[in-house]
Amino acid sequence: MNQDLIWRHFQNESPEVFQQGHGRIRFLVHQVVSRLNSGSAVLNVGTGDGLFVELISQAGMDAHSVDPDEESIARLAAGTGTDGRARVGSLDSIPFLDNSFDAVIVSEVLEHLSDETLGRALAEVDRVLAANGIVAGTVPANENLSEQITVCPCCGEIFHRWGHLQSFDAKRLQVLLSQRFTVETVKEKFLPPWSYLDWKAKSVCVVKNSLLRLGISWPGASLFFAARKR
């Protein structure tokens, strides 16, 4: 399975799919802004439809991006004016210098990595973070990977439809991050695209988040995490 081909398609041919993640992106921007001073350097891993860079720049942050797809990076740089600060690269080989960023955002990324790549990726995040810098992001909560397995009708390859290789619960994520960082929080959140919902769907979301606070999980929730460089 070539994950780069999956995301090349969605980022360049069907960017509207990322509207489902707008609630998550706005939540992450709020979390970053509440933790950092204006002018802080923030690296976002993966371009999506460019909303994170747009919002974090409007908040007064120095926005940078990395993505493996050259076309996606070119589109982002042209649309947001971040030419030179948006670069082709991967999380396990970040094309920026040591201690470059006050925050690195890895939202819906870690679940795409193999066990081997996951270790290298977190080491790279540690490398590019400045002293006391923050790594923050989300992963799907308690995902049953088998529920999204599909088969290619051309070659017969069996794969997860979104390219997920990892499933995380709060305990596993906490242990993983604590190997390199001081963990501030790992908590389950339901982060829907609020601005696209009608009143009935918004009411359902409020109820779901209320139940999450009571420890009752729901399919489709995310695990939000934030940790600091030691």
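Notes on the structure follow. (Residues numbered from 1 in each chain as written. Predicted model: local features only at pLDDT ≥ 70, side-chain atom pairs only at ≥ 80, totals over all residues. Heavy atoms only, no water.)

**Description of the packing of aromatic side chains**
Enumeration over the complete set of coordinates arrives at two aromatic pairs. With a centroid separation of 5.0 Å and an interplanar angle of 85°, the aromatic rings of phenylalanine 27 and phenylalanine 224 are classed as edge-to-face. Of this pair, phenylalanine 27 sits in helix α2 (residues 22-35) while phenylalanine 224 is found in strand β9 (residues 222-229), placing the two residues 197 residues apart along the sequence. On the basis of relative accessibility, which here comes to 1%, the residue phenylalanine 224 falls in the buried class. With a centroid separation of 5.1 Å and an interplanar angle of 80°, the aromatic rings of phenylalanine 96 and phenylalanine 101 are classed as edge-to-face. (Phe/Tyr/Trp six-rings, centres within 6.5 Å; stacked < 30°, edge-to-face > 60°. Helix = DSSP H or I, 4+ residues; strand = E, 2+ residues; numbered from the N terminus. Buried < 20%, exposed > 50% of the residue type's maximum accessible area, 1.4 Å probe, protein only.)

**Examining the sheet that holds strand β4 (residues 101-107)**
On the basis of which strands lie adjacent, the open sheet formed by seven strands has the order β3-β2-β1-β4-β5-β9-β8 and mixed pairing. With one partner strand each, in any of the chains shown, β3 (86-88) and β8 (181-189) form the two edges of the open sheet. Recorded for the sheet is a direction-independent mean angle of 15° between the axes of neighbouring strands. Sheet strands in contact with α2 are β1 (41-45), β4, β5 (129-140), β8 and β9, and its direction is about 25° off that of β9. On the sheet, helix α3 (residues 51-58) packs against β1, β2 (62-67) and β4 and is oriented at approximately 165° with respect to β2. (Pairing = 2+ DSSP bridges. Axes fitted to C-alpha atoms, helices over the stretch in contact; angles between N-to-C directions. Contact = heavy atoms within 4.5 Å.)

**Here we look at the side chain of threonine 138**
Inspection of the secondary structure assignment puts threonine 138 in strand β5. A distance of 2.8 Å separates a polar atom in the side chain of threonine 138 from a polar atom in the side chain of serine 107. With residues near it in sequence (within four places) discarded, threonine 138 still touches Arg24, Leu28, Val106, Ser107, Glu108, Val109, Glu111, Leu191, Ser222, Leu223, Phe224 and Phe225. (Polar contact = N/O pair within 3.5 Å; in protein donor to acceptor, adjacent residues only side chain to side chain.)

**So, the side chain of serine 40**
Within the secondary structure, serine 40 is located in the loop between α2 and β1. Within polar-contact distance, the side chain of serine 40 engages the backbone oxygen of asparagine 37 at 2.7 Å. With residues up to four places along the chain from it excluded, the contact list for serine 40 reads Met61, Asp62 and Asp102.

**Points about the pattern of salt bridges**
Overall, the coordinates contain eight salt bridges when judged by the stated rule. Across the pair arginine 120 and glutamate 116 runs a salt bridge whose closest N-O atoms are separated by 3.1 Å. Of this pair, arginine 120 and glutamate 116 both sit in helix α5 (residues 115-128), four residues apart, roughly one helical turn. The exposure class assigned to glutamate 116 is exposed, which follows from its relative accessible area of 59%. (Salt bridge = Lys/Arg side-chain N within 4 Å of Asp/Glu carboxyl O.)

**Describing the packing of α2 against α3**
Following both chains from N to C, one finds α2 and α3 inclined at 30°, their axes separated by 10 Å at the closest point. For the element pair α2 and α3, the recorded crossing hand is right-handed. Contact residues: His22, Ile25, Arg26, Leu28, Val29, Val32 and Val33 in α2; Leu51, Phe52, Leu55 and Ile56 in α3. Residue classes in the contact of α2 with α3 are distributed as nine nonpolar, one polar and one charged. (Left-handed = near helix turned anticlockwise from the far one by under 90°. Nonpolar A, V, L, I, M, F, W, Y, C, P; charged D, E, K, R; others polar.)

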